[in-house]
Amino acid sequence: MKKLKKRKSTLLRRYFKSMALTISLALLFFGFLMMIFIAGQWWTDKVDTLTENARSIASVYSSATEDSKVSDEGLLKSTLSIMNSATKSDYFISDPEGNIILCAAEGADVCERHSNLKISKSHMESALDGGFSDYATLDEFGEGRFLVAVPIKVNGNPVAAVFAVEDAITGLLPYISSIMTAIFAILFLALLVIFLAIYFITKSITEPLGEMEEVTSYIAKGDFSHRVNVNYKDRDFSKFASALNKMADELAIEDDSRKSFVANVSHELKTPMTSISGFIDGILDGTIPPEDEKKYLRIVSSEVQRLSRMVVSMLNLSKIEAGEISINLNKYDIGKQIFETLLSFEKRIDEKNITIEGFEDMGAIFALADRDLIQQVLYNLLDNAIKFSPPSGTISISAKNSEEKTTVTIRNTGQGISPDELARIFERFYKVDKSRSYDTKGVGLGLYIVKTIVNMHDGEITADSKLGEYTEFRFSLPHQQN
């Protein structure tokens, strides 16, 4: 349990950190974009303000000149002073030659600072030609400043220009600072809410993932007893948990079958090998008299054949699961093949006095299939039918053709199979008769191989049984393969 909690905690921290980092970077990027946007908006607003104020000054100057009141500089100086104070900018007027002729200085047309300022010819031409706005490109005004120039026209002709200069850093930083303080305060509160939401959302995701990770680690180690809680709020997690539990159930069944198979094979190999070794040693050391040697050699031969069948079954299973067996389709008489297969069981049929029914109504029945593979199907089904038929029992065989397929049915009288066992009869390594004594030499591979071969032909096989009466197997082979 401590290991599970530690695993969940690690997963929670990992997801929380990744999501928190992602959102934090996204918000920082958003803040950076906001700062650029605000700076751009401030620049636009500042240029508009400086331009509008410069035009107002130009209008006052133009009106005074047209009314022959150029000498009345008091109004212009007052206007320049008001504009400077209101906007914290520097407004002044230059003549066409680039000389500063008026600023907001008291008692003089131009202060000492502006008297030393000379506007270049190219800049002056741009100002008189309609004006311009720029940032930190005019050397005479210094770096880090906004600059706006507006022409002054008298009777339609440019006679001077109004310049407005403002320190960009001094004006922009307080503006951005106030806006960004508000934005980051909001972002901080948003981050708190988002981090809380991330924590609980991440926890709701990582807890089931951690539990599933823990269960899968047990499954990987071969412990199939653990299951995942399926009652999650998220339907997708519940579905995934159900699928994981189903996989664990199937693996547990498979593991039980494998263990049973290993035990069965070990026992089945050990028994004939012990018999063979004992009888041969008895013959060699004289324990078995010469007149009985043939009798015991027949037993040895039977056990060798039994071992051979077991090895063939396991080899076939290995080839099927490795995909090494391919089918070679041919059209042939399956009715004749059934008869030939029955002949190989003639001695056993006679010994149990079994009656074979169905051949009197069977003509030539052609099927499209791999003859050798279907031979294994018929051999295994007939072997089971004979094995589980009681003495003086009956085996009914039929083969019929329809427009789409060939169907073969093999039914034997006998004890039958219970519904629970019938549902698992085609499983690998499963032995229906494990609690009875009819078959002591099988390992539960025959019907699994039969089903696999029929499926390789795109066919179907089914089993039906009634306890105390009969067991029936029916398989069909389509006339056309997909």
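Residues numbered from 1 in each chain as written. Predicted model: local features only at pLDDT ≥ 70, side-chain atom pairs only at ≥ 80, totals over all residues. Heavy atoms only, no water.

Within the structure shown, the criterion is met by 6 salt bridges. Two residues, Arg371 and Glu340, come together in a salt bridge whose shortest N-O distance is 3.2 Å. Separated by 31 residues along the polypeptide, Arg371 in helix 10 (residues 371–388) and Glu340 in helix 8 (residues 334–343) bring together distant segments of the chain. Using a relative accessible area of 37% as the deciding quantity, one classes Glu340 as partly exposed. A salt bridge links Glu469 to Lys466, with the nearest nitrogen and oxygen atoms 3.5 Å apart. (Salt bridge = Lys/Arg side-chain N within 4 Å of Asp/Glu carboxyl O. Helix = DSSP H or I, 4+ residues; strand = E, 2+ residues; numbered from the N terminus. Buried < 20%, exposed > 50% of the residue type's maximum accessible area, 1.4 Å probe, protein only.)

A few words now on the environment of Lys46. Tracing the chain through its elements places Lys46 in helix 1 (residues 2–66). Residue classification places Lys46 among the buried positions, given a relative accessible area of 15%. Expressed as a C-alpha distance, the spacing of Lys46 and Ala168, which sit 122 residues apart in the sequence, is 9.4 Å. If we ignore the near neighbours within four places in the chain, the residues touching Lys46 are Thr87, Phe146 and Glu166. (Contact = heavy atoms within 4.5 Å.)

Glancing now at the side chain of Thr407. Tracing the sequence through the fold places Thr407 in strand 10 (residues 405–413). Among the residues examined, Thr407 registers a relative accessible area of 18% and is labelled buried. If sequence neighbours within four positions are ignored, Thr407 has contacts with Ser398, Ala399, Lys400, Arg474, Phe475 and Ser476.

So, on to the packing of aromatic side chains. Using the criterion set out here, one finds 4 aromatic pairs in the structure. For the ring pair Phe92 and Phe163, a centre distance of 5.8 Å and an interplane angle of 15 degrees mean the geometry is stacked. On the criterion of sequence distance, the pair formed by Phe92 in strand 1 (residues 90–94) and Phe163 in strand 5 (residues 157–167) is long-range, its members being 71 residues apart. The exposure classification of Phe92 matches that of Phe163, with both residues buried. (Phe/Tyr/Trp six-rings, centres within 6.5 Å; stacked < 30°, edge-to-face > 60°.)

Let us now look at the sheet that holds strand 9 (residues 394–401). An order of 7-9-10-12-11 is seen for the 5 strands of this open sheet, with the pairing classed as mixed. Only two strands of the sheet have a single neighbouring strand rather than two, namely strand 7 (355–357) and strand 11 (460–466). Between one strand axis and the next, the sheet turns through 15 degrees on average, direction left out of account. Contacts from helix 10 reach strand 9, strand 10 and strand 12 (470–478), with the element oriented near 20 degrees to strand 10. (Pairing = 2+ DSSP bridges. Axes fitted to C-alpha atoms, helices over the stretch in contact; angles between N-to-C directions.)

This brings us to a nonpolar patch on the surface. On the surface, Phe29, Phe32, Leu33, Met35 and Ile36 cluster together to form a nonpolar patch covering roughly 480 Å² of accessible area. By secondary structure assignment, the location of Phe32 is in helix 1. Classification of Phe32 as partly exposed rests on a relative accessible area of 45%. (Patch = residues over 30% accessible without salt bridge, like charges linked within 9 Å, V, L, I, M, F, W, Y side chains within 5 Å. Areas by Shrake-Rupley, 256 points an atom, 1.4 Å probe, with all protein chains shown as cover.)

Attention now goes to the confidence of the model for the protein. Here the protein shows a mean pLDDT of 78. Residues at 70 or above account for 78%. The model gives residues 1–7 a pLDDT under 50, and that stretch makes 7 contacts with residues more than four places away or in other chains. Every residue in residues 434–440 is under pLDDT 50, and counting partners more than four places away or in other chains gives 14 contacts. (pLDDT = per-residue confidence, 0-100.)

Here we take up the packing of helix 10 against helix 12 (residues 446–456). Between helix 10 and helix 12, the least distance of the axes is 9 Å, while the angle of their chain directions is 145 degrees. The two elements helix 10 and helix 12 meet at a crossing, and its hand is left-handed. For the pair formed by helix 10 and helix 12, the contact residues are Leu373, Ile374, Gln376, Val377, Asn380, Leu381 and Asn384 on the first element and Gly446, Leu447, Ile449, Val450, Ile453, Val454 and Met456 on the second. (Left-handed = near helix turned anticlockwise from the far one by under 90°.)

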